[in-house]
Amino acid sequence: MPTNGLHQVLKIQFGLVNDSDRYLTAESFGFKVNASAPSLKRKQVWLLEPDPGQGAAVLLRSGHLGRYLSASEDGRVACEAERPGRDCRFLVLPQPDGRWALQSEPHGRFFGGTEDQLSCFATAISPAELWTVHLAIHPQAHLLSVSRRRYVHLCPQDDEMAADGDMPWGVDALLTLIFRSGRYCLRSCDSRYLRSDGRLVWEPEARACYTLEFKAGKLAFKDCDGRYLAPVGPAGTLKAGRSSRPGKDELFDLEESPPQVVLLAANRRYVSVRQGVNVSANQDEELDHETFLMQIDQETKKCTFYASTGGYWTLVTHGGIQATAAQVSASTMFEVEWRGRRVALRASNGRYVCMKKNGQLAATSDFVGERPRAAWATGAPPPPRARCSRPFPAPTAPSPPGEDEEFTLKLINRPLLVLRGLDGFVCHRRGSNQLDTNRSVYDVFHLSFSDGAYHIRGRGGGFWNTGSHGSVCSDGERAEDFLFEFRERGRLAIRARSGTYLRGDASGLLRADAEAPAGAALWEY
């Protein structure tokens with residue numbers, strides 16, 4: 001299993017919702033806590049950490065303050081401890097309905113209450129001491145079986161999910177967590193739900209809903225009969241086993257799901273490593289050898305491309321590109337230029353990656369050439385010719401400027417799209433065709449690709465479209481093209497036909513009026 005930052009376990013962040021549907025909140029003033037917030041924002045995010053003493057107790061740290069929740073002997077609660085002490089230790093007691101009771105380990109009392117009347121002094125569990133867990137992470141991820149060290153993926157031929165993949169490669173490895181009435185469903189890339197008997201169904205019925213439990217930083221999924229999901233048998237079929245307590249077989253890691261892409265060159269063939277270490281545009285279908293994991297460096301904003309054969313693209317002698325690097329270095333980093341429906345890649349030698357006559361890729365071009373193509377909807381001229389910013393010696397046999405420096409880049413592992421911005425998730429506005437960008441819950445949208453652009457389809461089958469004054473609605477009868485630009489690690493910008501970017505405005509509405517792909521115009525996907 002490759003390392004070097006390819007597999008990042010997600011930190012489990014969540015909100016805690018009380019019996020009055022209000023979220024536990026950590027306030028900056030006085031480090032007080034209350035349960036007054038109607039939605040999950042930054043002040044309502046908590047992290048669960050194992051106790052350093054290796055016992056059953058856990059620690060609750062505010063994602064907003066970075067401090068720990070504590071309960072004193074007289075029941076007073078606060079979130080001011082910079083380092084966890086004795087009063088910060090809690091026991092999580094899962095209840096049959098999926099909610100949690102939080103018990104102070106040193107004092108034996110239960111934590112609960114309403115509004116600003118929170119305490120940890122109850123001697124028994126009542127509805128006021130029960131909390132619903134609402135995950136605050138992006139819900140699309142890879143699922144890794146802790147015991148088998150194998151990734152869960154959809155097996156269409158067997159009509160099941162199985163933990164048998166050495167790598168989370170391709171669209172089949174994507175899982176989407178769906179939050180429903182305090183429980184979670186596991187949704188496959190083809191929009192089906194995993195039932196506890198291992199079957200895949202089209203509706204999130206009761207047997208396809210699970211309570212989340214945490215053990216030593218790992219996740220377990222408990223079904224409505226109190227049994228836990230686990231990989232079963234030689235094939236690793238995912239279903240509820242016989243165990244009523246989570247052991248190693250029932251534990252999973254949630255891992256970040258970076259973008260996986262295919263690239264189509266000017267010869268209308270896919271870039272591939274099928275025929276060896278050389279990266280070449282020589283294939284007519286998109287399979288594992290044509291799929292590359294794309295990761296963006298947060299500081300430089302340059303990206304790497306990792307192949308299924310176990311190596312990064314790297315610049316070699318005479319400008320060639322090979323998928324042989326075991327570690328990230330300057331020669332594996334590529335600058336992406338977003339050119340409408342196409343991209344250009346500039347390597348560490350300052351030259352653009354182009355396609356040779358034999359299909360092989362090499363960074364030997366000083367320019368990105370222009371080619372005739374349909375104008376963008378605004379009628380704007382194509383991007384200007386780009387010259388490298390530093391002088392470099394001319395290559396021995398320079399490639400003439402032309403379309404060979406441009407590629408069509410296609411995202412393949414997000415057929416289902418969930419977007420989160422600075423203020424929350426994108427969701428249909430109640431009773432309207434408009435879209436909110438500040439919700440605690442999310443809608444799942446369907447994504448399809450069309451010659452360098454994407455079509456986004458929402459509830460009821462309507463397409464996203466831009467209207468007057470930059471408003472974005474989800475009831476279009478005809479598909480509208482949107483351009484995706486992967487600008488930061490885990491974040492993209494979405495460009496509308498007007499040339500502006502989608503952002504969430506002060507009222508929480510999705511609008512296409514941002515001039516730059518930054519800030520509120522970047523979306524976690």
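Scroll up to find the structure.
The following refers to the structure shown. Bear in mind that the values here come from a model prediction, so they are computed numbers and not experimental data.

Here the idea is simple: oppositely charged side chains can pair when their charged atoms come close. What the rule picks out here adds up to 37 salt bridges. Close ionic contact of D166 with R150 constitutes a salt bridge, the shortest N to O distance being 2.9 Å. Here D166 is found in the loop between β15 (160–165) and β16 (175–180), whereas its partner R150 is found in strand β14 (residues 150–155), with 16 residues between them in sequence. With relative accessibility at 32%, the residue R150 sits in the partly exposed group. The partner of R439 in a salt bridge is D436, and the shortest N-O contact between them spans 3.6 Å. We classify R439 as buried; its relative accessible area is 13%. Because the salt bridges share partners, they merge into one network encompassing D19, D97 and R99.

This part is about the environment of V426. Mapped onto the fold, V426 is located in strand β38 (residues 425–428). The exposure class assigned to V426 is buried, which follows from its relative accessible area of 1%. V426 sits 17 residues away from D443 along the chain, and the two C-alpha atoms are 6.7 Å apart. Apart from residues lying up to four places away in sequence, V426 is in contact with L419, L435, D436, T437, Y442, D443, F445, W464 and W523.

To continue, consider the pairing of strand β8 (residues 90–94). Pairing geometry for β8 and strand β9 (residues 100–104), over five bridges, is antiparallel. What sits directly across from P94, in β9, is W100.

Attention shifts here to the layout of surface pockets. Computed from the structure, the largest pocket encloses a volume of approximately 920 Å³. Taken together, 34 residues line the largest pocket, and the ones lying closest to its centre are A136, H138, R420, R491 and E524. Of the residues belonging to the lining of the largest pocket, the class tally is 12 nonpolar, 11 polar and 11 charged. A volume near 780 Å³ is recorded for the second largest pocket. Taken together, 32 residues make up the lining of the second largest pocket; nearest its centre are F179, R180, V441, Y442 and D443. Looking at the lining of the second largest pocket, the elements that each hand over two or more residues are β12 (130–135), β16, β38 and β39 (435–439). For the lining of the second largest pocket, a count of residues per class yields 12 nonpolar, 10 polar and 10 charged.

So, how was this worked out
Residues numbered from 1 in each chain as written. Predicted model: local features only at pLDDT ≥ 70, side-chain atom pairs only at ≥ 80, totals over all residues. Heavy atoms only, no water. Salt bridge = Lys/Arg side-chain N within 4 Å of Asp/Glu carboxyl O. Helix = DSSP H or I, 4+ residues; strand = E, 2+ residues; numbered from the N terminus. Buried < 20%, exposed > 50% of the residue type's maximum accessible area, 1.4 Å probe, protein only. Contact = heavy atoms within 4.5 Å. Pairing = 2+ DSSP bridges. 1 Å grid on protein atoms, 1.4 Å probe; cavity = no way out; pocket = protein on both sides within 12 Å on 5 of 7 lines; lining within 4 Å. Points joined across faces, edges and corners; volume = space filled by probe spheres on them. Nonpolar A, V, L, I, M, F, W, Y, C, P; charged D, E, K, R; others polar.

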